[in-house]
Amino acid sequence: QAMAMWPLWASLRCRSLTVLRGAESAVFLAECAERMVAEPPEGVATGRVNLVTLEGVGHAPTLWSLEQANIVVDAITEAERAWPAADADSATRGL
């Protein structure tokens, strides 16, 4: 039985959100990733979703290369920078 995932997506709360997608994935389709960018959850402090598509990579990026690992480092750095931009009571909500 399929689970309705879009309500879960809409309920996300975080400082910043980066989605990694392997370009060769037959599971995580480009159309789904594009919808994620077009419909960011209201609980994302930056108000947007960053999409990174990794060429030549399948469904689950392993992040073995330094270039791929740095994508995660950059996302964490952006989340840290986004903290002051979050509304004042974010800390009490665990963001």
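Residue numbering note: each chain is counted from 1, following its sequence as written. Reporting of local features is limited, given that this is a predicted model, to residues whose pLDDT is at least 70; pairs of side-chain atoms are given and counted only at 80 or more, and all residues count toward the totals for whole chains, interfaces and linings. Heavy atoms from the whole structure form the basis of all side-chain values; hydrogens and water molecules are not counted.

With that settled, consider the nonpolar core. Generally speaking, soluble globular proteins have nonpolar side chains that are buried together. Counting nine residues, the largest nonpolar core consists of Trp9, Cys14, Leu17, Val19, Phe28, Ala33, Met36, Val44 and Val49. Mapped by element, the contributors of at least two residues to this core are β2 (17-22) and α2 (30-38). Should any heavy atoms of two residues lie within 4.5 Å, those residues are counted as being in contact. The residues touching Val44, leaving out its near neighbours within four places in the chain, are Leu12, Cys14, Arg15, Ser16 and Leu17. Put simply, buried Ala, Val, Leu, Ile, Met, Phe, Trp, Tyr and Cys residues joined by side-chain atoms within 4.5 Å make one nonpolar core. Partly exposed residues are those whose accessible area sits between 20% and 50% of the maximum for their type, while under 20% is buried and over 50% is exposed, using a 1.4 Å probe and protein chains only. Under the scheme used here, helices are H or I runs from DSSP no shorter than 4 residues and strands are E runs no shorter than 2 residues, and both carry numbers assigned from the N terminus.

Turning our attention to the side chain of Gln68. Relative to the assigned elements, Gln68 resides in helix α3 (residues 66-82). The contacts of Gln68, once residues within four sequence positions are left out, are Leu54, Val57, Thr62 and Leu63.

In this section: the packing of aromatic side chains. Stacked, edge-to-face and tilted labels apply to pairs of Phe, Tyr and Trp rings (six-membered ring for Trp) whose centres lie within 6.5 Å, assigned for plane angles under 30 degrees, over 60, and everything in between, in that order. Under the defined criterion, the tally for this structure stands at one aromatic pair. Aromatic side chains Trp6 and Trp9 sit 6.4 Å apart centroid to centroid with 90 degrees between the ring planes, which places their arrangement in the edge-to-face category. A residue pair is termed a helical-turn pair when its members lie 3 or 4 positions apart in one helix, as Trp6 and Trp9 do in helix α1 (residues 6-10) at three residues. In this structure Trp6 comes out as partly exposed when scored by relative accessible area, which is 26%. By relative accessible area, Trp9 is classed as buried at 10%. The lysine or arginine in question, Arg35, covers the ring of Trp6, its NZ or CZ lying 3.9 Å from the ring centre. Placement of a positive charge over a ring is assigned whenever Lys NZ or Arg CZ falls within 6 Å of the ring centre and within 35 degrees of the normal to the ring plane.

With that out of the way, let us pick up the pattern of salt bridges. Every case where a carboxyl oxygen of Asp or Glu lies within 4 Å of a side-chain nitrogen of Lys or Arg is listed as a salt bridge. Overall, the coordinates contain two salt bridges when judged by the stated rule. Glu39 serves as the salt-bridge partner of Arg35, at 3.2 Å between the closest nitrogen and oxygen. By relative accessible area, which is 33% here, Arg35 ends up partly exposed. Among the residues examined, Glu39 registers a relative accessible area of 40% and is labelled partly exposed. The residue Arg48 makes a salt bridge to Glu78 at a minimum N-O spacing of 2.6 Å.

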